[in-house]
Amino acid sequence: MELSLILLTVSLILCETKTTEPGIKGRLTLRGLQYGWQVGLEEIHKQLKTIEIPEVRGSVSVTILGRIDYYVSKLQIKNLDLSSSDISFSSDTGVNVFINKGQIQVSGLLNINSVLFSASSWLELSVQELTLNGTVGITCDDFGHGAVWNAGCSSNAGNVNLRFHGGAGWLFSMFKGAVMGPIHDALHSQICPAFSKAVENMEKVLINLPVTLSVDEAALFDISLLGPPLITEKTFDLLVKGEFDGRFHHWDLPLSPEEIILPDIDSRMLLMAVSEYTANSAGFVHYKTGALKINITDDMIPKQSPLRLNVKSLAVFVPE
């Protein structure tokens, strides 16, 4: 019991003495988020086209022809339209991504085999009314890196239409309905995993970003996050330490950061404030390392200057 009280007391002391106010504060507004989504949508299209859709195998019984085994391979996304989409903040969590009425075209190679014959044909699968509702959770790790996770995903592949190119079209049309179902399910099963993979790739990028920048021979700049972002329905605030430190030695700064209050301006996309604490920490570190010290000699002063670094000139300021 006594040990628990001691640990609790120490924990409270540490929490009280830990710097909670940032040296730099940045804010992304909903307007900025939606603009960024439109800019990034083109890259998302490129990434989704690289999705590997698993092969589809199965069998179906067709009148007269009997049992037919089918095998669909080389499935690839050819066209993608996610223009009807939106993004918003999820309070205290991250961001919500919503795609409605998306359209997608997938091509693949269909092979069929039966006791009587075998054939193959290229197919084109068109999906309408594709929907996705996903949430990306955003926080930070113990080292001040940004961190994200898949906070939820639901999707629907919508309506499906199938066309064949080459081969005996009438033959493939006989079991077209039977093939569409498994292909639709295979495509649908990859939408949320693709979303999850995109979030995982984002996490790998964030964890490898530096939290300390090299400034010069004397100083480093700490840009680690002090805590998870502050997220509301309209804003996304990042709290950055924003402190200069010595490259080879650490000094406790004789000052503390003060609260930064950003203006509530929805018409702006991005707001950023750098505090006096950040500037003062830069001056303090460079002073302690000697980077701000300089010896001025008379030969450094222009020859035409009437003021010289000698006893005669200094007598003007110090007559005694």
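Thresholds applied
- Residues numbered from 1 in each chain as written.
- Predicted model: local features only at pLDDT ≥ 70, side-chain atom pairs only at ≥ 80, totals over all residues.
- Heavy atoms only, no water.
- UniProt positions renumbered as here; feature names shortened; annotations may be inferred.
- Disulfide = S-S within 2.5 Å.
- Helix = DSSP H or I, 4+ residues; strand = E, 2+ residues; numbered from the N terminus.
- Buried < 20%, exposed > 50% of the residue type's maximum accessible area, 1.4 Å probe, protein only.
- Pairing = 2+ DSSP bridges.
- Axes fitted to C-alpha atoms, helices over the stretch in contact; angles between N-to-C directions.
- Contact = heavy atoms within 4.5 Å.
- Salt bridge = Lys/Arg side-chain N within 4 Å of Asp/Glu carboxyl O.
- Phe/Tyr/Trp six-rings, centres within 6.5 Å; stacked < 30°, edge-to-face > 60°.
- Lys NZ or Arg CZ within 6 Å of the ring centre and 35° of its normal.
- Expected span 1.5 Å × (residues − 1).

- By the naming in an unreviewed UniProt entry, the protein goes by Bactericidal permeability-increasing protein and is assigned to Engystomops pustulosus.
- UniProt's Function (unreviewed entry) comment on the protein is quoted here verbatim: "The cytotoxic action of BPI is limited to many species of Gram-negative bacteria; this specificity may be explained by a strong affinity of the very basic N-terminal half for the negatively charged lipopolysaccharides that are unique to the Gram-negative bacterial outer envelope."
- UniProt, in its Sequence similarities (unreviewed entry) section for the protein, records the words "Belongs to the BPI/LBP/Plunc superfamily. BPI/LBP family."

Considering the state of the cysteines
Right, on to step 1. Applying the stated criterion across every chain yields a total of 1 disulfide.
Right, on to step 2. In this model, C153 is linked to C192 through a disulfide, with the two sulfur atoms separated by 2.1 Å. Judged by the sign of its S-S torsion, about -85°, the bond between C153 and C192 is left-handed. Taken together, the residues C153 in strand β7 (residues 146–156) and C192 in helix α4 (residues 176–207) connect sequence positions 39 residues apart.
Right, on to step 3. On the accessibility criterion, C192 (18% relative accessible area) is buried.

Regarding the sheet that holds strand β10 (residues 219–222)
Right, on to step 1. As summarised here, the arrangement of the 3 strands in space is β9-β10-β13, forming an open sheet in which the pairing is antiparallel. The open sheet is flanked by β9 (212–214) and β13 (243–246), the only strands paired with a single partner. Going from strand to strand, the sheet's axes swing by 30° on average, the running direction of each strand aside.
Right, on to step 2. Relative to the sheet, helix α5 (residues 276–288) contacts β10 and β13, its axis offset from that of β13 by approximately 10°.

Focus on the pattern of salt bridges
Right, on to step 1. In the structure shown here, the tally under the stated rule is 4 salt bridges.
Right, on to step 2. The salt bridge involving D69 is made with R67; its shortest N-O contact spans 3.2 Å.
Right, on to step 3. A relative accessible area of 32% means that D69 is categorised as partly exposed.
Right, on to step 4. You can call R67 exposed: its relative accessible area is 56%.
Right, on to step 5. In this structure, the salt-bridge partner of E124 is R163, at a minimum N-O distance of 2.4 Å. A residue pair is termed long-range when its members are at least 10 positions apart, and E124 in strand β6 (residues 118–140) and R163 in strand β8 (residues 159–165) qualify at 39 residues.
Right, on to step 6. The exposure class assigned to R163 is partly exposed, which follows from its relative accessible area of 43%.

Let's talk about the sheet that holds strand β14 (residues 270–274)
Right, on to step 1. The antiparallel open sheet is built from 4 strands, whose spatial order is β11-β12-β1-β14. The open sheet has two edge strands, β11 (230–231) and β14, and neither has a second partner.
Right, on to step 2. Where strand β1 (residues 24–29) lies against β14, 5 bridges are found, and the strand directions are antiparallel. Considered in β14, the bridge of G26 is made with M272.

Description of the packing of aromatic side chains
Right, on to step 1. The full count for this structure, using the stated rule, is 2 aromatic pairs.
Right, on to step 2. On the numbers, 6.1 Å between centres and 15° between planes, the contact of F89 with F236 is stacked. Taken together, the positions of F89 in strand β4 (residues 85–90) and F236 in strand β12 (residues 235–240) put the pair 147 residues apart, joining distant regions of the chain.
Right, on to step 3. The ring of Y71 carries R57 above its face, with NZ or CZ at 4.0 Å from the centroid.

Section: α5
Right, on to step 1. With 13 residues, α5 should cover 18 Å at 1.5 Å per step; its first-to-last C-alpha distance of 18 Å lies within 8% of that length.
Right, on to step 2. Among all positions in α5, only Y277, T278, S281, A282, F284, V285 and H286 are buried.
Right, on to step 3. On the buried face of α5, the contacting elements are β1, β10, β13 and β14.
Right, on to step 4. Downstream of α5 by a residue or two, G290 has a phi angle that is positive, lying close to 85°.

Re unusual backbone geometry
Right, on to step 1. Phi at K74 is positive, roughly 55°, even though this residue is not glycine.
Right, on to step 2. Secondary-structure assignment places K74 in strand β3 (residues 66–81).
Right, on to step 3. Of the residues examined, K74 reaches a relative accessible area of 57% and is grouped as exposed.
Right, on to step 4. The backbone phi angle of K101 is positive, close to 55°, even though this residue is not glycine.

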